[in-house]
Amino acid sequence: MENCEMTARKEVFVGIIGMGDMGKMYARAIAAAGWSINACDREDKFEGLKKEFAEVENIHVYANGRLVSRISDYIMYAVEAELLDTVVAAYGPSTKLGAIVGGQTSCKAPEVKTFEKHLPPDVDIVSCHSLHGPTVDPAGQPLVIIRHRASDKSFKLVEDILSCFHSKLVYLSAEEHDTITADTQAVTHAAFLSMGSAWTANNHFPWEVTRWQGGIENVKINLTLRIYSNRWHVYAGLAILNPAAQQQIRQYAASATELFKLILEGKKEELTRRIRSAGEFVFGKQKDQELLLRDDILDKFSLSGVPAHARKPNSHLSLLAMVDCWKKCNIVPYDHIICSTPLFRLWLGATEYLFRQPELLDDCIRFAMEDDTFRSDDLEFTFAARGWSDAVSFGDFDAYRKRFEGPQEYFRPRFADATKVGNQMIRTILERTKVMEKARSEE
Ligand SMILES: NC(=O)C1=CN([C@@H]2O[C@H](COP(=O)(O)OP(=O)(O)OC[C@H]3O[C@@H](n4cnc5c(N)ncnc54)[C@H](OP(=O)(O)O)[C@@H]3O)[C@@H](O)[C@H]2O)C=CC1
Ligand SMILES: O=C(O)C(=O)Cc1ccc(O)cc1
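Residues numbered from 1 in each chain as written. Chains lettered and ligands numbered in written order. Predicted model: local features only at pLDDT ≥ 70, side-chain atom pairs only at ≥ 80, totals over all residues. Heavy atoms only, no water.

Looking only at helices and strands, the protein chain has 19 helices and eight strands in total. In terms of C-alpha radius of gyration, the protein chain reaches 23 Å, essentially the compact-globule figure of 22 Å for 443 residues. In terms of its C-alpha atoms, the protein chain occupies a principal-axis envelope of roughly 70 × 50 × 40 Å. Long-range pairs, those at least 24 residues apart, make up 79% of the contacts in the protein chain with a sequence separation of at least 6. On the protein chain, roughly 18,400 Å² of surface is accessible, and the fraction owed to carbon and sulfur atoms is 52%. Across the protein chain, the 54 positively charged side chains and the 61 negatively charged ones have centroids separated by 1 Å. (Helix = DSSP H or I, 4+ residues; strand = E, 2+ residues; numbered from the N terminus. Rg over C-alpha atoms; globule rule 2.2 N^0.38 Å. Contact = heavy atoms within 4.5 Å. Areas by Shrake-Rupley, 256 points an atom, 1.4 Å probe, with all protein chains shown as cover. Lys, Arg positive; Asp, Glu negative; His and termini not counted. Charge placed at Lys NZ, Arg CZ, Asp CG, Glu CD.)

Our focus in this paragraph is empty space enclosed by the protein. Throughout the structure, instances matching the rule amount to four cavities of 30 Å³ or more. Quantified by volume, the second largest cavity comes out at close to 50 Å³. Around the second largest cavity, the lining residues are Ala186, His189, Ala190, Leu193, Tyr235, Ala239, Ile249, Trp388, Val392 and Tyr400. Top contributing element to the lining of the second largest cavity by residue count: helix 8 (residues 174–201), with four residues. A breakdown of the residues in the lining of the second largest cavity according to their chemical character gives nine nonpolar, one polar and no charged. (1 Å grid on protein atoms, 1.4 Å probe; cavity = no way out; pocket = protein on both sides within 12 Å on 5 of 7 lines; lining within 4 Å. Points joined across faces, edges and corners; volume = space filled by probe spheres on them. Nonpolar A, V, L, I, M, F, W, Y, C, P; charged D, E, K, R; others polar.)

This part covers the environment of Leu317. Looking at where Leu317 falls in the secondary structure, it is placed in helix 14 (residues 317–328). For the pair Leu317 and Glu442, spaced 125 residues apart in the sequence, the C-alpha separation amounts to 36 Å. With sequence-adjacent residues up to four places away left out, Leu317 is seen in contact with Ala256, Leu259, Phe260, Asp378, Phe381 and Thr382.

In the vicinity of ligand 1 lie 27 residues, with Asp41, Val79, Glu80, Arg231 and His233 positioned nearest. Lys45 places a side-chain nitrogen or oxygen 2.9 Å from an oxygen atom of ligand 1. Side-chain polar atom of Asn230 to an oxygen atom of ligand 1: 3.1 Å apart, as the coordinates give it. Protein contacts shield 89% of the accessible area of ligand 1, which totals 890 Å² for the unbound molecule. Spatially, ligand 1 is embedded in the largest pocket. (Near = heavy atom within 4 Å. Polar contact = N/O pair within 3.5 Å; in protein donor to acceptor, adjacent residues only side chain to side chain. Sits in = over half its atoms within 2 Å of the grid points.)

Every residue near ligand 2 is listed here: Ser106, His129, Ser130, His132, Gly133, Gln185, His189, Val234, Tyr235, Leu238, Thr341 and Leu343. The separation between an oxygen atom of ligand 2 and a polar side-chain atom of Ser106 is 2.6 Å. Here His129 contributes a side-chain N or O atom positioned 2.5 Å from an oxygen atom of ligand 2. For ligand 2, the protein covers 93% of the area, taking 330 Å² as the surface of the free molecule. According to the grid-proximity analysis, the pocket containing ligand 2 is the largest pocket. If you list the elements that add at least two residues to the shell around ligand 2, you get strand 6 (124–130), helix 8 and helix 10 (232–240). When residues in the shell around ligand 2 are grouped by element, the largest group, three residues, is from helix 10. For the shell around ligand 2, the residue count by class is four nonpolar, eight polar and no charged. Counting contributing residues per domain, the shell around ligand 2 is built from domain 1 (2–172) and domain 2 (178–442), each supplying no fewer than three. (Domains from an automatic or database assignment.)

This part is about the pattern of salt bridges. Enumeration over the complete set of coordinates arrives at 26 salt bridges. Between Glu5 and Arg9 there is a salt bridge, with its nearest N and O atoms 3.3 Å apart. Taken together, the positions of Glu5 and Arg9, both in helix 1 (residues 3–10) and four residues apart, correspond to about one turn of that helix. Look at Glu5 and you get partly exposed, because its relative accessible area is 36%. Using a relative accessible area of 13% as the deciding quantity, one classes Arg9 as buried. (Salt bridge = Lys/Arg side-chain N within 4 Å of Asp/Glu carboxyl O. Buried < 20%, exposed > 50% of the residue type's maximum accessible area, 1.4 Å probe, protein only.)

What follows is about the packing of aromatic side chains. Scanning the entire structure with this criterion turns up 15 aromatic pairs. A centroid spacing of 5.9 Å and a plane angle of 45° characterise the contact between Tyr77 and Phe115, whose relative ring orientation is tilted. With Tyr77 in strand 4 (residues 74–77) and Phe115 in helix 6 (residues 108–118), the pair connects residues that are 38 residues apart, well separated along the chain. Pairwise contacts between aromatic rings join Trp199, Tyr228, Tyr235, Phe404, Tyr410 and Phe411 into one cluster. (Phe/Tyr/Trp six-rings, centres within 6.5 Å; stacked < 30°, edge-to-face > 60°.)

Looking now at helix 10. Where burial is concerned, most of helix 10 is hidden: eight out of the nine residues are buried. For helix 10, the full list of buried residues reads Trp232, His233, Tyr235, Ala236, Gly237, Leu238, Ala239 and Ile240. Buried residues along helix 10 sit against helix 8, helix 9 (216–229), helix 11 (243–264), helix 17 (375–393) and helix 18 (397–411).

Averaged over the protein chain, the pLDDT score is 92; the fraction of residues at 70 or greater is 95%. Predicted complex metrics record ipTM = 0.99 and pTM = 0.93. (pLDDT = per-residue confidence, 0-100.)

Further remarks concern the sheet that holds strand 8 (residues 168–171). If you walk across this open sheet you meet the eight strands as 3-2-1-4-5-6-7-8, and the pairing is mixed. In this open sheet, the two edge strands, each paired with only one partner strand, are strand 3 (59–61) and strand 8. Neighbour-to-neighbour, the strand axes of this sheet turn through a mean angle of 25°, independent of strand direction. Bridge count for strand 6 against strand 7 (residues 142–149) is six bridges, and the pairing is antiparallel. When the sheet's bridge partners are listed, Cys128 is paired in strand 7 with Ile145. Lying over the sheet, helix 5 (residues 84–91) contacts strand 1 (13–17) and strand 4, oriented at roughly 150° with respect to strand 4. (Pairing = 2+ DSSP bridges. Axes fitted to C-alpha atoms, helices over the stretch in contact; angles between N-to-C directions.)

This is the structure:
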């Protein structure tokens with residue numbers, strides 16, 4: 001980069017309020033690109049943060065968000081979604097004249113409403129949302145930008161600042177963003193959260209039980225652990241604050257319950273018809289496309305280390321319910337790939353693996369009907385899906401936290417391994433989606 005461009009960047013101050021996982025990731029990347037960062041967290045973390053960033057070039061730590069707001073040109077709130085309104089009410093009125101403000105919360109309609117409520121009218125609003133967690137390399141991942149109220153100059157400045165991530169910029173309104181992320185993130189998380197609750201309730205680590213080994217089980221286990229290793233409020237915020245998400249999570253629980261009842265009642269034909277018709281709805285147009293996940297890819301990601309030939313079939317209720325839910329909610333997940341998280345793409349890859357290999361799907365249905373090995377898992381899974389749906393529908397952050405913390409403690413000893421394997425999975429799915437998008441664009 002030209003020296004004069006670096007010097008010009010130093011004169012633009014980017015404020016970051018909330019130096020948790022995402023705030024720190026943003027601060028480090030933007031500072032490394034030469035912009036000046038003014039950062040803060042809660043006042044009681046001031047001394048600790050100052051020490052942590054003492055040696056980091058371009059990052060200046062302040063005691064609170066009022067001080068950061070007074071002197072920054074683009075201010076990003078990277079705090080818990082549940083707290084955003086209170087935090088913006090406290091610091092928003094101190095925003096520098098003519099500055100730009102945005103947020104990193106995962107649900108944008110309430111976020112922009114909060115900004116409109118508390119920010120002075122001379123302040124522009126440009127928000128963003130990185131569609132990945134803080135330990136993922138942002139390069140190539142989607143980064144949504146929302147131009148809510150901004151001059152061309154302000155908008156261009158935000159684009160320049162965020163270009164340091166080398167992410168794929170996706171331009172949406174707050175409402176479009178929330179509809180898509182409800183379709184992709186919220187219901188995906190509901191599936192993994194339910195699996196984690198069910199395994200905890202049955203008191204088994206799935207990678208230690210032979211019926212949970214190999215293939216798409218690796219995706220289920222690793223991603224469940226990945227979610228539980230993150231902070232509960234991230235998932236609570238995006239589900240509870242997004243009305244479209246609530247409805248889909250309810251449908252996911254209803255799909256799991258209804259399919260499980262068909263299994264218990266021995267209604268094989270009805271189950272088969274329902275599952276095939278959902279599969280046709282979701283995957284009907286994919287017939288000529290390669291699978292996102294293949295055996296050789298999946299087998300690289302084992303936590304159990306048990307060889308493929310030791311695998312047992314599985315009723316895969318979590319996957320059957322997902323595809324049924326997509327159909328009931330009229331969602332074709334491929335339409336949202338440009339605005340999806342790595343977890344969503346991996347989950348879609350797992351559903352596709354089952355539904356686009358007819359012999360596997362037949363085995364799965366036969367196994368669900370005829371073998372009761374998975375009945376107790378499926379029972380707990382159904383309870384768990386309903387429990388998560390209730391926690392979200394009641395809008396109760398505290399109940400959500402309590403439901404989350406049990407499995408989180410249970411799985412904690414395996415988080416380090418799961419994060420490593422999960423990161424490799426995410427790199428692989430990014431490469432696979434790039435290859436497939438290229439193939440599609442050349443068709
Ligand atoms: N983690 C993820 O995977 C992703 C998260 N997001 C969203 O980004 C936002 C940040 O998430 P994340 O970094 O993971 O969460 P963290 O909990 O790691 O960070 C939030 C930080 O904000 C601090 N905070 C709370 N109140 C204030 C305040 N008044 N002034 C300054 N700081 C304050 C929190 O302190 P304390 O802990 O003491 O409350 C915490 O350190 C959330 O809205 C989340 O939904 C978006 C994409 C991905
Ligand atoms: O990829 C996922 O779904 C994650 O779990 C990480 C995550 C969480 C919240 C977001 O708003 C974006 C990404």
